[in-house]
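So you can see what is in the structure, the chains are spelled out below.
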Amino acid sequence: KSVIHLQAFSFTSWKITNALVRAHKRGVKVLALFDKSLFAAPYNKKTNYLLKRGVKVWLDPAQNIAHNKVLIIDDNIVETGSFNYTYSAEHFNAENIIIIYSKQLAAQYLANWQRRWRLASSQT
């Protein structure tokens, strides 16, 4: 309804990309923090698509791999697990996700997102 914080290592799903853009167009604040590999071809198609549509995107360069797979929704819901936001994860892989409704847990995940964000470089 109001804000989505995203951390992603791999991000190649048009379905998820378009859902984030639709949320942004509805007025939801969408903030994406991606592994640095997502800014190199061929993976940069989705990140550039988000950027061109006004979604705020940052590059997390501090770690060797920013291997997070997390959505924090409205500071109350956490979605996490092995699921990378990719076509392969949607259709071919054995993946898992868990969705937890907890302000307390969401606050902990958001604090981690903000720590990573402070080290990140804006792409917008």
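About the thresholds
- Within every chain, residues take consecutive numbers counted from 1 along the sequence as written.
- Local features are withheld for residues below a pLDDT of 70 in this predicted model, meaning they are given only at 70 or higher, and side-chain atom pairs are given and counted only at 80 or more; totals for whole chains, interfaces and linings count all residues.
- Only hydrogens and water are removed before side-chain values are computed, so all heavy atoms of the structure are retained for them.
- Classification of residues uses two cut-offs on accessible area relative to the type maximum, computed with a 1.4 Å probe and protein chains only: under 20% is buried, over 50% is exposed, and between them is partly exposed.
- Here a helix means four or more residues in a row that DSSP labels H or I, a strand means two or more in a row labelled E, and each is numbered from the N terminus.
- Starting at the helix axis, one direction is taken to each C-beta atom, and the arc is that of these directions.
- Contact criterion: two residues are considered in contact whenever any of their non-hydrogen atoms come within 4.5 Å of each other.
- In this description, strands pair whenever DSSP reports at least two bridges between them.
- When the strands point away from the viewer and the connection leading from the first strand across the helix to the second strand turns clockwise, the crossover is called right-handed.

Some thoughts on helix α2 (residues 44-52)
Here's step 1: Looking only at α2, the buried set comprises N44, K46, T47 and L50. Looking straight down α2, one finds that the buried residues subtend no more than 160° of arc, so they occupy a single side. Turned more than 90 degrees off the buried face of α2, the exposed positions are K45 and K52.
Here's step 2: Packing partners of the buried residues in α2 comprise α1 (14-25), β2 (29-35) and β3 (56-60).
Here's step 3: Once α2 finishes, G54 follows within two positions and takes phi at roughly 90°, a positive value.

What to know about unusual backbone geometry
Here's step 1: In this structure, D74 is a non-glycine residue whose phi angle is positive, near 50°.
Here's step 2: As for its position among the elements, D74 is in the loop between β4 (69-73) and β5 (77-81).
Here's step 3: Residue class for D74 comes out partly exposed when judged on its relative accessible area of 22%.
Here's step 4: Even without being glycine, D75 reaches a positive phi, approximately 55°.

Quick notes on the pairing of strand β1 (residues 3-8)
Here's step 1: Burial runs high along β1: six of the six residues are buried.
Here's step 2: Along β1, one buried face is formed by V3, H5 and Q7 and the opposite face, lined by I4, L6 and A8, is buried too.
Here's step 3: Pairing between β1 and β2: six bridges, direction parallel. Opposite L6, over in β2, you have A32 as the bridge partner.
Here's step 4: With respect to chirality, the unit in which β1 leads through α1 into the neighbouring parallel β2 is right-handed.
Here's step 5: Bridge count between β1 and β4: five bridges; the pairing is antiparallel. Pairing of A8 across the sheet is with K69, part of β4.

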